[in-house]
Amino acid sequence: MATTALVVDDEVDLCRLMQITLTKMGIKSDVAYTLSQAKSYWQDNDYDFCLTDLKLPDGSGLELVKHISASSNKPIAVITAHGSMDLAIEALKLGAFDFVNKPLELPRLRQLVENALKVIDQNNEAEATPESSPEQQILDSRLIGDSAVMHPLKNTILKLARSQAPVFLSGASGTGKEVVARLIHDLSPRRDGSFVPVNCGAIPSELMESEFFGHKKGSFTGAVADKQGLFQQANGGTLFLDEVADLPLAMQVKLLRAIQEKTVRAIGDTKEVPVDIRILSATHKDLNQLVQGGMFRQDLYYRINVIELKLPTLNARRDDIPVLAEHFLAMIAEEWQLESQPLLTAEANLRLQQHDFAGNVRELRNVLERAVTLAETSTIDISHLGLSDFDADQETDKHQKINENRVSDSIEKTDKNDEKPSSIKNDTTQQVTANLHPYRTMTHHYAAVKRPSISGVISDSTLSEIDRRSVVSTAYGIESTDKVTDKYPSETVIKNDNERNQFDITTASNTVSAELPAQGLELYLQEQEKKLIITALKQTGWNKTQAAELLGTTFRSLRYRMTKLDIAEDQSE
Ligand SMILES: Nc1ncnc2c1ncn2[C@@H]1O[C@H](COP(=O)(O)OP(=O)(O)OP(=O)(O)O)[C@@H](O)[C@H]1O
């Protein structure tokens, strides 16, 4: 059956133009010239989608958007006068799936209609298999959790995936913002295009323009060839601006312009190139507060935060911990090629559910990776988790402290500010090791952001023990000690040795600050880790068991790190 559409506009010529375009695309259409006529046509016919002007003689097209999106999930797109971005944003918030500007550009109209057709197909598929639509299956297999807060979240993700609206993902670190961003893309009509994630905090500011918009050969020293920017790489797909709060103000202006105009100009180029991208963004920081403080442009905030999706902390969905744990253990077993999947004892499972996960899902995964590494067999007991003994009173205290810090909505406030009592932060230091997200570059969190003080660097909660040793030894120019305790490593290492006790930490900070790694902390640490591992492997003739022993780690852990750092099995030649 042919697809049908309702076109609503009071300009007769424009309606004819739209009808001709639709007919050429095999779509039958009716035209309504007023709001009331549109409502009654929509009521009496079973159209597949609607395209409406916002300014109608007897009312606003926004009313039609509200009417249609409240009663069905059929796509409705709006036509806006050039420059009336506020209305377009309002329409997206009300449920319009996309908008097109006047004067109408036919390629853009065709692209919008093609996206609408894809949404219609997806809706039909979902209706045919309501219990297990392909979308639902993808969602359930990648966003693990079945607790009360996850149901509405998943439904919203499905809805947002069908829209073209910019979505801002907020939530504390490790709650799964990137997982959700990928899902929104993979479930959207843009899924055949690329998903391009960019860590805004990791790109040096002097390279930003070239990274985002590209450059022409010879446009500056070092531009040895033409380079495509991230916007163009995401053309037809989705650009995910992760850690968007870290964008320098100068770049915010340029980004806003590109997003509004939907065109980019490479450095050294004379022409603007149109780009068709959807913007998703995320940060664990309170962007609203940054706007108030003048650190983030209000207009850009308004533009990227058309729809905000808040991700719950893991503490707010403890029921999901067992199922998440099982999911991660299965992943670890596969990635590490274990003979059998590790299993948690009932006590270990319970202990995990009691733990205060300041690092959220990422922390859970890291705790499990460490536990699998420590366990001699495939049974993971409470002792392998490395969590301090559970003290119900203490945990209650912690939760109370968190609650005191929350203003009205407890979860949202903690998410936004990442506020934790220092006791909890210390816990995190013990629990959270390196970010092990398979998609994410290791430069993700810390490069270019947390360089200023050595104490900041070393107390970084994501450092694994070996990372810490190399930081301590390299930064201070001292040998690493064998006894690196789990807590704050720099001071512990220094305090363990009388000679080093005399070492003035302030002087150290000053001395070291001049030698901070240009490539950023994470990249630097990776290089150090890689060097140490290769040295140990070379010393043992690439015998992994012996190399692991030399490094004071386990075979499994070494194998994991080799894969993570891309160290080939034998580089002896
Ligand atoms: N619901 C979930 N189901 C399965 N894995 C999840 C879920 N939530 C998070 N994860 C996993 O947790 C880790 C952290 O997730 P992610 O990187 O998406 O968090 P984030 O909120 O973007 O963190 P950050 O703010 O630090 O960038 C990843 O390994 C991710 O795969």
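This one's a predicted model, so the numbers in the text were calculated from it and none came from an experiment.

(A) Layout of the overall build of the protein. If you tally the helices and strands in the protein, you get 27 helices and 18 strands. When each of the 573 residues of the protein is scored for burial, the buried share is 51%. Of the roughly 26600 Å² that the protein leaves accessible, carbon and sulfur atoms contribute 50%.

(B) The arrangement of the pattern of salt bridges in detail. One pass over the structure, following the stated rule, counts 23 salt bridges. Between Lys 102 and Asp 9 there is a salt bridge, with its nearest N and O atoms 3.8 Å apart. Here Asp 9 lies in the loop between strand 1 (3-8) and helix 1 (12-24) and Lys 102 lies in the loop between strand 7 (98-101) and helix 5 (106-128), a separation of 93 residues in the sequence. A single burial state applies to Lys 102 and to Asp 9, both of which are buried. Note that Glu 529 is salt-bridged to Arg 561, the shortest N-O span being 2.5 Å. In this pair, Glu 529 is assigned in helix 25 (residues 521-539) and Arg 561 in helix 27 (residues 555-564), connecting sequence segments 32 residues apart. Of the two residues examined, Glu 529 and Arg 561, each falls in the buried class. The network of salt bridges with shared partners includes Asp 9, Glu 11, Asp 53 and Lys 102.

(C) Layout of the packing of aromatic side chains. Considering all chains together, one arrives at five aromatic pairs under this definition. With a centroid separation of 6.3 Å and 45 degrees between ring planes, the pair formed by Phe 212 and Phe 213 is classed as tilted. Phe 213 gets classed as buried once you look at its relative accessible area, which sits at 6%. Measuring from ring centre to ring centre gives 5.4 Å for Phe 213 and Phe 231, while their planes differ by 45 degrees; the resulting arrangement is tilted. With Phe 213 in helix 9 (residues 208-213) and Phe 231 in helix 10 (residues 230-233), this residue pair connects regions lying 18 residues apart in the sequence.

(D) Region of the structure containing the UniProt feature "modified residue: 4-aspartylphosphate" (unreviewed entry) in the protein. The sites that carry the UniProt feature "modified residue: 4-aspartylphosphate" (unreviewed entry) are, in the present numbering, Asp 53. Apart from the residues within four sequence positions on either side, Asp 53 is in contact with Val 8, Asp 9, Asp 10, Gly 61, Ile 79 and Lys 102.

(E) Structural view of the packing of helix 26 (residues 544-551) against helix 27. Orientation of helix 26 relative to helix 27, taken along the N-to-C sense of each, is 100 degrees, at an axis distance of 8 Å. Our classification of the angle between helix 26 and helix 27 gives roughly perpendicular. Only Phe 555, Leu 558 and Met 562 of helix 27 make contact with helix 26, whose side of the interface consists of Lys 544, Thr 545, Ala 547, Ala 548 and Leu 551. When grouped by side-chain class, the residues that make up the contact of helix 26 with helix 27 number six nonpolar, one polar and one charged.

(F) Representation of the sheet that holds strand 2 (residues 27-32) within the structure. Here five strands make up an open sheet; going across it, the order is 2-1-3-6-7 and the pairing parallel. The two strands at the open ends of the sheet, each matched to only one other strand, are strand 2 and strand 7. In this sheet, adjacent strand axes meet at a mean angle of 20 degrees when their direction is disregarded. Looking at chain direction, strand 6 (residues 76-80) and strand 7 are connected through four bridges and run parallel. Looking at strand 7, one finds that Ile 79 is bridged to Val 100. The sheet contacts of helix 2 (residues 35-44) involve strand 1, strand 2 and strand 3 (49-53), and relative to strand 2 the element is tilted by about 140 degrees. Its contacts with the sheet put helix 5 on strand 1, strand 2, strand 3, strand 6 and strand 7, and the angle it makes with strand 7 is roughly 165 degrees.

(G) Up close: the environment of Gly 214. Its place among the elements puts Gly 214 in strand 10 (residues 214-215). For Gly 214, a relative accessible area of 0% gives the class buried. Separated by 53 residues in the primary sequence, Gly 214 and Ile 267 have C-alpha atoms spaced 6.3 Å apart.

(H) Looking closely at the packing of helix 6 (residues 134-142) against helix 8 (residues 177-186). Two elements in contact, helix 6 and helix 8, have axes separated by 11 Å at closest approach and are oriented at 165 degrees. As far as their axial angle goes, helix 8 and helix 6 are roughly antiparallel. For the pair helix 6 and helix 8, the sense of crossing is right-handed. Taken together, the residues of helix 8 that come into contact with helix 6 (itself represented by Ile 138, Leu 139 and Arg 142) are Val 179, Arg 182, Leu 183 and Asp 186.

(I) Seen up close, the sheet that holds strand 16 (residues 307-310). With respect to topology, five strands assemble into an open sheet ordered 9-12-15-8-16, the strand pairing being parallel. At either end of the open sheet lies a strand with only one pairing partner, and these are strand 9 (195-199) and strand 16. Taking the axes of each pair of neighbouring strands and ignoring which way they run, one obtains an average angle of 20 degrees across the sheet. Strand direction decides the pairing type here: strand 8 (residues 167-170) and strand 16, joined by four bridges, are parallel. In the strand pairing of strand 16, Ser 170 is matched with Lys 310. Along the sheet, helix 7 (residues 150-162) makes contact with strand 8, strand 15 (278-283) and strand 16, crossing strand 16 at roughly 150 degrees.

(J) Summary view of the environment of Thr 52. Tracing the chain through its elements places Thr 52 in strand 3. On the basis of relative accessibility, which here comes to 0%, the residue Thr 52 falls in the buried class. Along the sequence, Thr 52 and Ile 79 sit 27 residues apart, while their C-alpha atoms lie 5.9 Å from each other.

Rules and cut-offs
Residues numbered from 1 in each chain as written. Predicted model: local features only at pLDDT ≥ 70, side-chain atom pairs only at ≥ 80, totals over all residues. Heavy atoms only, no water. Helix = DSSP H or I, 4+ residues; strand = E, 2+ residues; numbered from the N terminus. Buried < 20%, exposed > 50% of the residue type's maximum accessible area, 1.4 Å probe, protein only. Areas by Shrake-Rupley, 256 points an atom, 1.4 Å probe, with all protein chains shown as cover. Salt bridge = Lys/Arg side-chain N within 4 Å of Asp/Glu carboxyl O. Phe/Tyr/Trp six-rings, centres within 6.5 Å; stacked < 30°, edge-to-face > 60°. UniProt positions renumbered as here; feature names shortened; annotations may be inferred. Contact = heavy atoms within 4.5 Å. Axes fitted to C-alpha atoms, helices over the stretch in contact; angles between N-to-C directions. Parallel < 35°, antiparallel > 145°, perpendicular 65-115°, else oblique. Nonpolar A, V, L, I, M, F, W, Y, C, P; charged D, E, K, R; others polar. Pairing = 2+ DSSP bridges. Left-handed = near helix turned anticlockwise from the far one by under 90°.

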